[in-house]
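Single-letter residue listing:
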Amino acid sequence: MYHKDGVDYFVVDGHIHFWDASEENTANKYGEGFIRCFYDYQRNLSPKEWVWPLEKFRKYSEQDILHDLFETGYVDRAIFQPTYLTEFYTKGFNTTESNGALARKHPDKFIVNGAFDPREGEAGLDRLEQLAEEWNLRGRGVKLYTAEWRGDSKGYKLSDPMALTYLAKCEELGIRNVHIHKGPTIWPLNRDAFDVADVDAAATAFPGLNFVVEHSGLPRLEDFCWIATQEPNVYAGLSVVLPFIHTRPRYFAKVIGELLFWLDEDRITFGSDYAIWSPKWLIESLVDFQIPEDMQGEYGQLTTDFKRKVLGLTMARLYDIKVPEAAQIKDAGTVAA
């Protein structure tokens, strides 16, 4: 846990990867452009001392991830969110299988999520069922990448009939958390295929599922907020949002202020998006951050309890992760160890 000023912060990093973008695994110019776009996010939004060499960024080690998350990064549990990208990477970019192999070695540290692509049709439904059994996805989640290329297709919508069929399958299998990349584009993917509007129909159709909108819909923050305020099962993920705390603190203050205005404070979650960013500096920065005084008349202040919920307690509730009593907030809905 992170300890600051007498407060214990139980940390659940809800958005991490163990990717392979090595030159050997990169299939074409699109895979090369994709990882270099990721790297630009790290270089442009991180403190200088947290920028990696490109070669390490392309493929980092098991020891790197254990060190950065659990030895120095304050993380108590971390959730793998897969991104296959098999059109760009020969063996896939960041798969359930590669993530799961690491999680099996460290079951007290990692949670594995699956993925699906409705363009796989009936065969994909069978594969989802196999993933759920192999990786124990009941009570856990899937990660969706609606702009991922597949053959001639440059993306899909959650409101597509087959996507709704897959969501129904998730409900049947007990997969209850649906994480969706709805944020900034990554070259060469289509920006419009990450549009947040299709979350509305899916959240309405499946009130028993939790839809964690990763990156909070940026740059479509207003659209996201209008959807989330009427759909109580829609959550805001702060991956990509949080690093602006360093380079654009007033912009971050505006985004977090808008999220708090439209959503309640129990529906905003932390994710480092590792290895684009490392959790240590993000966590320290959030705990120390306050809305600038001249903006507090509109947005108010960030409380310690809110920061504790964001950094771990809300995600712990979604995934039934036990939280030590010292780190709990009364009536936060967490489970005592």
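In this text, all values refer to a predicted model and were calculated from it rather than measured experimentally. (Residues numbered from 1 in each chain as written. Predicted model: local features only at pLDDT ≥ 70, side-chain atom pairs only at ≥ 80, totals over all residues. Heavy atoms only, no water.)

### Re the sheet that holds strand β7 (residues 141–144)
At step 1: Reading across from one edge, β6-β7-β8-β9-β10-β11 is the order of the 6 strands in this open sheet, with parallel pairing throughout. Lying at the two open borders of the sheet, with one neighbouring strand each, are β6 (114–115) and β11 (268–269).
At step 2: Judged from the 4 bridges that link them, β7 and strand β8 (residues 177–181) form a sheet pairing that is parallel. Bridging across to β8, Gly141 finds its partner in Asn177. (Pairing = 2+ DSSP bridges. Helix = DSSP H or I, 4+ residues; strand = E, 2+ residues; numbered from the N terminus.)

### Details of the sheet that holds strand β3 (residues 12–16)
At step 1: If you trace the 3 strands from one edge of the open sheet to the other, you get β3-β4-β5, paired in parallel fashion. Across the chains shown, the open sheet's two edge strands, defined by having one partner strand only, are β3 and β5 (110–112). In this sheet, adjacent strand axes meet at a mean angle of 25° when their direction is disregarded.
At step 2: Pairing of β3 with strand β4 (residues 77–80) involves 3 bridges; the strand directions are parallel. The residue bridging Asp13 from the neighbouring strand is Ala78, located in β4. (Axes fitted to C-alpha atoms, helices over the stretch in contact; angles between N-to-C directions.)

### As for the packing of helix α11 (residues 279–288) against helix α13 (residues 304–319)
At step 1: Running from N to C, α11 and α13 point in directions that differ by 160°, and their axes come no closer than 10 Å. Between α11 and α13, the interaxial angle falls into the category roughly antiparallel. The handedness of the crossing between α11 and α13 is right-handed. Along its contact with α11, which presents Ile283, Leu286, Val287 and Asp288, the element α13 presents Lys307, Val310 and Leu311.
At step 2: Residues that form the contact of α11 with α13 fall into these classes: 5 nonpolar, no polar and 2 charged. (Parallel < 35°, antiparallel > 145°, perpendicular 65-115°, else oblique. Left-handed = near helix turned anticlockwise from the far one by under 90°. Contact = heavy atoms within 4.5 Å. Nonpolar A, V, L, I, M, F, W, Y, C, P; charged D, E, K, R; others polar.)

### Regarding the nonpolar core
At step 1: Counting 108 residues, the largest nonpolar core has Phe110, Phe211 and Leu259 as the members making the most contacts within it.
At step 2: Per-element accounting of this core gives the leading share, 6 residues, to helix α1 (residues 29–45).
At step 3: In this view, Phe211 contacts Leu167, Val178, Ile180, Val199, Ala202, Ala203, Phe206, Asn233, Val234 and Tyr235; residues no more than four positions away in its chain are not counted. (Core = buried A, V, L, I, M, F, W, Y, C linked by side-chain atoms within 4.5 Å. Buried < 20%, exposed > 50% of the residue type's maximum accessible area, 1.4 Å probe, protein only.)

### A short note on the pattern of salt bridges
At step 1: By the definition in use, this model includes 25 salt bridges.
At step 2: For Lys4, the salt bridge identified is with Asp288, shortest N-O distance 2.6 Å. Taken together, the residues Lys4 in strand β1 (residues 2–4) and Asp288 in helix α11 connect sequence positions 284 residues apart.
At step 3: With a relative accessible area of 24%, Lys4 lands in the partly exposed category. (Salt bridge = Lys/Arg side-chain N within 4 Å of Asp/Glu carboxyl O.)

### Describing the packing of helix α8 (residues 221–230) against helix α10 (residues 249–262)
At step 1: Axis separation between α8 and α10 bottoms out at 9 Å; the angle between their running directions is 20°. As the angle between them shows, α8 and α10 are arranged roughly parallel. Judged by the twist between their axes, the crossing of α8 over α10 is right-handed. In contact with Leu221, Phe224, Cys225, Trp226 and Thr229 of α8, α10 contributes Val255, Glu258, Leu259 and Trp262.
At step 2: Here the contact of α8 with α10 is composed, by residue class, of 7 nonpolar, 1 polar and 1 charged.

### Examining the packing of aromatic side chains
At step 1: Under the definition given, this model contains 30 aromatic pairs.
At step 2: Seen in terms of ring centroids, Trp19 and Tyr60 are 5.5 Å apart; in terms of plane orientation they differ by 75°. Their pairing is edge-to-face. Here the residue Trp19 occupies a position in the loop between β3 and α1, and Tyr60 occupies one in the loop between α2 (54–58) and α3 (62–71), the gap between them amounting to 41 residues. Comparing Trp19 with Tyr60 shows no difference in burial state: the two are buried.
At step 3: Measuring from ring centre to ring centre gives 4.8 Å for Phe34 and Phe38, while their planes differ by 40°; the resulting arrangement is tilted. Here Phe34 pairs with Phe38, and both are found in helix α1, just 4 residues apart, close to one helical turn.
At step 4: The ring of Trp52 is capped by Lys56, whose NZ or CZ atom sits 4.2 Å from the centre of that ring. (Phe/Tyr/Trp six-rings, centres within 6.5 Å; stacked < 30°, edge-to-face > 60°. Lys NZ or Arg CZ within 6 Å of the ring centre and 35° of its normal.)

### Structural notes on the side chain of His106
At step 1: One can find His106 in the loop between α4 (96–105) and β5.
At step 2: If near-sequence neighbours (up to four positions away) are discounted, His106 is found in contact with Glu62 and Leu66.

### Regarding empty space enclosed by the protein
At step 1: Taken as a whole and judged by the stated rule, the model has 2 cavities of 30 Å³ or more.
At step 2: Volume-wise, the largest cavity comes out at about 130 Å³.
At step 3: The wall of the largest cavity is formed by 16 residues, among which Phe38, His181, Ile186, Asp273 and Ile276 lie closest to the centre.
At step 4: Looking at the lining of the largest cavity residue by residue, the classes come out as 9 nonpolar, 5 polar and 2 charged.
At step 5: Here the second largest cavity defines a volume of roughly 30 Å³. (1 Å grid on protein atoms, 1.4 Å probe; cavity = no way out; pocket = protein on both sides within 12 Å on 5 of 7 lines; lining within 4 Å. Points joined across faces, edges and corners; volume = space filled by probe spheres on them.)

The quantities given are spatial measurements derived from coordinates; they are silent on function.
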